[in-house]
Amino acid sequence: TCLLSFGCLTAEHRCPHCRGVFEYSPEQYHKQVKCGNPGCGKQFGFMMFHASEQALRSVREQVRNDLERRLHTEEAKQGRAARAARRAGAVDPNMPELAFAMGLGNTCPRCGLELEDFEDGEQLRHLRWCTDTV
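The model shown is predicted, which means the values in this text are computed figures rather than measured ones. (Residues numbered from 1 in each chain as written. Predicted model: local features only at pLDDT ≥ 70, side-chain atom pairs only at ≥ 80, totals over all residues. Heavy atoms only, no water.)

> What should I look at first to understand the overall build of the protein chain in this one?
Broken down by element type, the protein chain carries four helices and four strands. For the protein chain, the proportion of its 134 residues judged to be buried stands at 13%. Relative to all contacts within the protein chain whose residues are 6 or more apart in sequence, the contacts with residues 24 or more apart total 16%. Surface summary for the protein chain: the accessible area is close to 11100 Å², and the carbon and sulfur share equals 54%. (Helix = DSSP H or I, 4+ residues; strand = E, 2+ residues; numbered from the N terminus. Buried < 20%, exposed > 50% of the residue type's maximum accessible area, 1.4 Å probe, protein only. Contact = heavy atoms within 4.5 Å. Areas by Shrake-Rupley, 256 points an atom, 1.4 Å probe, with all protein chains shown as cover.)

Okay, structure coming up:
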């Protein structure tokens, strides 16, 4: 299953005759290639292994579960780091923009424009187009 995580291009490929390492590319599949190692030069192809639909479904499910588990642990790590930063008094650098977009502030954090009479959603529209920095 490591090929499903890293791919066939990162795997080490060897000549079946001399066991020398060679570079594989997907264009070589279904073709006969010659070994480029000195002293070998023999021709060989790549085997295709057929898998049942049940085996493919099982592997897809396993990969999906692994991905979900990895995403969940990464989200949990980020959440713990954010909570620890808040406890330590660190301020999120995006906080002023979020507050402005939610209508909690009248001054654009990027350009400093003072706009008191915003309609609903105007702050967000302004942030989308504002490229200035204070």
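> I'm lost on the nonpolar core in this one. Help?
Nonpolar side chains in soluble globular proteins tend to end up buried together. If you look at the biggest cluster of nonpolar residues, it comprises seven residues: Cys15, Phe22, Tyr24, Val33, Cys35, Cys40 and Phe44. The contacts of Phe22, once residues within four sequence positions are left out, are His13, Arg14, Cys15, Gln28, Phe44 and Phe46. (Core = buried A, V, L, I, M, F, W, Y, C linked by side-chain atoms within 4.5 Å.)

> It is not clear to me how the confidence of the model for the protein chain should be interpreted in this structure. Could you clarify?
Do not read the fine detail of predicted coordinates wherever pLDDT is low. Chain-level pLDDT for the protein chain is 78 on average; 79% of the residues reach the 70-or-more range. Mean pLDDT across the elements of the protein chain bottoms out in helix H1 (residues 2-6) (51) and peaks in helix H2 (residues 53-87) (89). (pLDDT = per-residue confidence, 0-100.)

> Explain a positive patch on the surface here, please?
Judged by side-chain charge, Lys77, Arg80, Arg83, Arg86 and Arg87 come together as a positively charged surface patch. The residue Arg87 is located in helix H2 in this model. (Patch = residues over 30% accessible without salt bridge, like charges linked within 9 Å, V, L, I, M, F, W, Y side chains within 5 Å. Salt bridge = Lys/Arg side-chain N within 4 Å of Asp/Glu carboxyl O. Lys, Arg positive; Asp, Glu negative; His and termini not counted. Charge placed at Lys NZ, Arg CZ, Asp CG, Glu CD.)

> Quick question: what am I supposed to make of H2 here?
For an α-helix the count is 3.6 residues per turn, leaving residues at separations of three or four pointing the same way. Its 35 residues place the ends of H2 51 Å apart at the C-alpha level, agreeing with the 51 Å of an ideal helix rising 1.5 Å per residue. Where H2 ends, the next residue or the one after it, Gly89, has phi of about 95 degrees, a positive value. (Expected span 1.5 Å × (residues − 1).)

> What should I look at first to understand the state of the cysteines in this one?
Working definition of a disulfide: a covalent bond connecting the sulfur atoms of two cysteines. All told, the structure shown has zero disulfides when counted by the stated rule. In this structure Cys18 is a free cysteine whose sulfur lies 3.7 Å from that of Cys35, the closest cysteine sulfur available. Looking at Cys35, it has no disulfide partner, and the nearest cysteine sulfur is the one in Cys15, 3.7 Å off. (Disulfide = S-S within 2.5 Å.)

> I would appreciate a short explanation of the pattern of salt bridges in the present structure.
Pairing between side chains becomes possible if they bear opposite charge and their charged atoms approach one another. With the rule as written, the count across this model stands at three salt bridges. For Glu53, the salt bridge is made with Arg60, and the minimal N-O distance between the two is 3.7 Å. For Asp66, the salt bridge goes to Arg69, with nearest N and O atoms at 3.1 Å. Residue Asp66 and its partner Arg69 are located together in helix H2, separated by three residues, close to a single helical turn.

> Sorry if this is basic, but what is going on with helix H4 (residues 122-129) here?
Listing the buried residues of H4 in full gives Gln123, His126 and Leu127. Down the axis of H4, the buried side of the element spans an arc of 100 degrees, and every buried residue falls inside it. Exposed and facing more than 90 degrees away from the buried side of H4 are Arg128 and Trp129. (Arc of directions from axis to C-beta.)

> What is the right way to read the environment of Arg14 from this model?
Residue placement: Arg14 occurs in strand E1 (residues 13-14). On the basis of relative accessibility, which here comes to 42%, the residue Arg14 falls in the partly exposed class. Along the chain, Arg14 and Cys35 lie 21 residues apart, while their C-alpha atoms are 9.2 Å from each other. Every residue in contact with Arg14, bar those within four places of it in the chain, is listed here: Arg19, Gly20, Val21 and Phe22. Among the polar contacts listed, one links the side chain of Arg14 to the backbone oxygen of Arg19, at a separation of 2.9 Å. (Polar contact = N/O pair within 3.5 Å; in protein donor to acceptor, adjacent residues only side chain to side chain.)

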